[in-house]
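Tertiary structure, described
Take a look at the letters that make up each chain.
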Amino acid sequence: MLNTKPNNDRIEELKTNGYQLDFGIVFENAFENYKKIALYAGLMLLVFSVLTVIVMMAGLISYIGIENLESFANKMKEFSQLKVMPLDVALPLNAGLILYSAIVTPFMAGFLKMADCGEKGEEFHVSTMFSYYKLPYLIHIIISVIIISLFGTGLAMLLEYSGLGFVGTVVTMLVSFLTFLSAPLIIFGNLDAIQAIQSSIIIVSKQPLTLLGLVIVAGIAAAVGIFGFCIGIFFTWPFMYSMTYTIYKTIVGIDEPSELKEVTETEN
């Protein structure tokens, strides 16, 4: 069982009594945090994206063969023009996306660690990005990603095949919004996957409009980088992680130390 008592007390209090959140203060603090990590985080995101594209292209070519690339591209173009993708294509495609998310999300959580280091004035390195590829963080992050993705994607597909594609899109976005604090609740709050998802939903639902406003404004600010020859997006997108970190820190707070104990650890 995870050692979660200090954070659980605070989280249970938030669930019961709610909390106050000042939009301006949170945004200002998030921006100050972003300035501390922007360059390094942007470089990490750029390198990661380039490597991901290379690996995915290499995997695709080895799977279908370079001689079949053109026919594959044409088939994907045909599918993109359909209102509803065939089920035999949609299922493996979404399964692949869920698997990809489960693999890379611990890396993306490293940006939250970087934001934490920046906030505390601590140094961060490339190794910081791999902080959560270790137990018990890894297993809980992966489980949370799979649960959230299966629920959101499954419900969206069900609505889409029922002729309610727009509603499905809204539902997917709603699920993502309600659970966006799951990762920090795992890595800073010392919760397991189920606890983190449940707590995120309750905490976000206490101040949905303020949090939605912060997420939307952060998203717009992060997307501005696309106008900088597109490459700028890699250096503005980390603002989303600074915002998530600041929201969590403002609402829940971060205990010291924030290291989880091993799940298999025997209680004294």
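Residues numbered from 1 in each chain as written. Predicted model: local features only at pLDDT ≥ 70, side-chain atom pairs only at ≥ 80, totals over all residues. Heavy atoms only, no water.

**What to know about a nonpolar patch on the surface**
A contiguous nonpolar surface patch, about 610 Å² in accessible area, is contributed by Leu 212, Ile 216, Ile 220, Val 224, Ile 226 and Phe 227. Mapped onto the elements, Phe 227 comes out in the loop between α9 (208-223) and α10 (233-236). Given a relative accessible area of 72%, Phe 227 falls into the exposed group. (Patch = residues over 30% accessible without salt bridge, like charges linked within 9 Å, V, L, I, M, F, W, Y side chains within 5 Å. Areas by Shrake-Rupley, 256 points an atom, 1.4 Å probe, with all protein chains shown as cover. Salt bridge = Lys/Arg side-chain N within 4 Å of Asp/Glu carboxyl O. Helix = DSSP H or I, 4+ residues; strand = E, 2+ residues; numbered from the N terminus. Buried < 20%, exposed > 50% of the residue type's maximum accessible area, 1.4 Å probe, protein only.)

**Some points on the pattern of salt bridges**
Think of it this way: side chains of opposite charge can pair up when their charged atoms draw near. Evaluation of the coordinates by the stated rule reveals four salt bridges. A salt bridge links Glu 13 to Arg 10, with the shortest nitrogen-to-oxygen separation between them at 3.9 Å. Remark: Arg 10 and Glu 13 occur in helix α1 (residues 5-17); sequence separation between them is three residues, near one turn of the helix. Close ionic contact of Asp 116 with Lys 120 constitutes a salt bridge, the shortest N to O distance being 3.0 Å. Of this pair, Asp 116 and Lys 120 are both found in helix α4 (residues 87-120), four residues apart, which corresponds to roughly one turn of the helix. Of the residues examined, Asp 116 reaches a relative accessible area of 1% and is grouped as buried.

**Observations regarding the confidence of the model for the chain**
Caution applies to low-pLDDT regions: their predicted coordinates should not be interpreted in detail. Per-residue pLDDT for the chain averages 84, and the proportion of residues at 70 or more is 87%. When pLDDT is averaged over each helix and strand of the chain, the minimum, 70, is found for helix α3 (residues 69-80) and the maximum, 95, for helix α11 (residues 238-251). In this model, residues 1-5 is a region of pLDDT below 50 whose contacts with residues beyond four sequence positions or in other chains number 14 contacts. Counting contacts from residues 257-268, a segment whose pLDDT is below 50, to residues more than four positions away or on other chains yields 21 contacts. (pLDDT = per-residue confidence, 0-100. Contact = heavy atoms within 4.5 Å.)

**Structural notes on helix α5 (residues 137-160)**
For α5, built from 24 residues, the straight-helix expectation of 34 Å at 1.5 Å per residue is met to within 8% by its first-to-last C-alpha distance of 34 Å. Those residues of α5 not exposed but buried are Tyr 137, His 140, Ile 141, Ser 144, Val 145, Ile 148, Ser 149, Gly 152, Ala 156, Met 157 and Leu 159. Check the buried side of α5 and you find it contacts α4, α6 (165-178), α7 (182-187) and α8 (193-206). (Expected span 1.5 Å × (residues − 1).)

**So, the nonpolar core**
Core analysis: the largest hydrophobic core is formed by 54 residues, its most contacted members being Phe 111, Ile 187, Ile 203, Leu 211, Ile 247 and Ile 251. Here the element with the most residues in this core is α4; it accounts for 10 residues. With residues up to four places along the chain from it excluded, the contact list for Phe 111 reads Ala 41, Met 44, Leu 45, Met 129 and Tyr 241. Among the nonpolar cores identified, the runner-up in size contains five residues, and Ile 148, Leu 159, Val 175 and Ile 197 belong to it. (Core = buried A, V, L, I, M, F, W, Y, C linked by side-chain atoms within 4.5 Å.)

**Here's the deal with the packing of α4 against α5**
Relative orientation and spacing of two packed helices are given, respectively, by the angle between their axes and the distance between those axes. Look at α4 against α5: their axes get within 9 Å of each other, and the N-to-C directions meet at 150°. Comparing the axis directions of α4 and α5 gives the class roughly antiparallel. In this structure, the crossing between α4 and α5 has a hand that is right-handed. For the pair α4 and α5, the contacting residues are Leu 87, Ala 90, Leu 91, Asn 94, Ile 98, Ser 101, Ala 102, Thr 105, Pro 106 and Ala 109 in the first and Leu 138, Ile 141, Ile 142, Val 145, Ile 146, Ser 149, Leu 150, Thr 153 and Met 157 in the second. (Axes fitted to C-alpha atoms, helices over the stretch in contact; angles between N-to-C directions. Parallel < 35°, antiparallel > 145°, perpendicular 65-115°, else oblique. Left-handed = near helix turned anticlockwise from the far one by under 90°.)

**What to know about the side chain of Lys 113**
Relative to the helices and strands, Lys 113 is located in helix α4. Despite its burial, Lys 113 pairs with no opposite charge; the closest candidate is Asp 116, at 4.5 Å N-O. With residues near it in sequence (within four places) discarded, Lys 113 still touches Thr 128, Ser 131, Tyr 132 and Phe 188. (Lys, Arg positive; Asp, Glu negative; His and termini not counted.)

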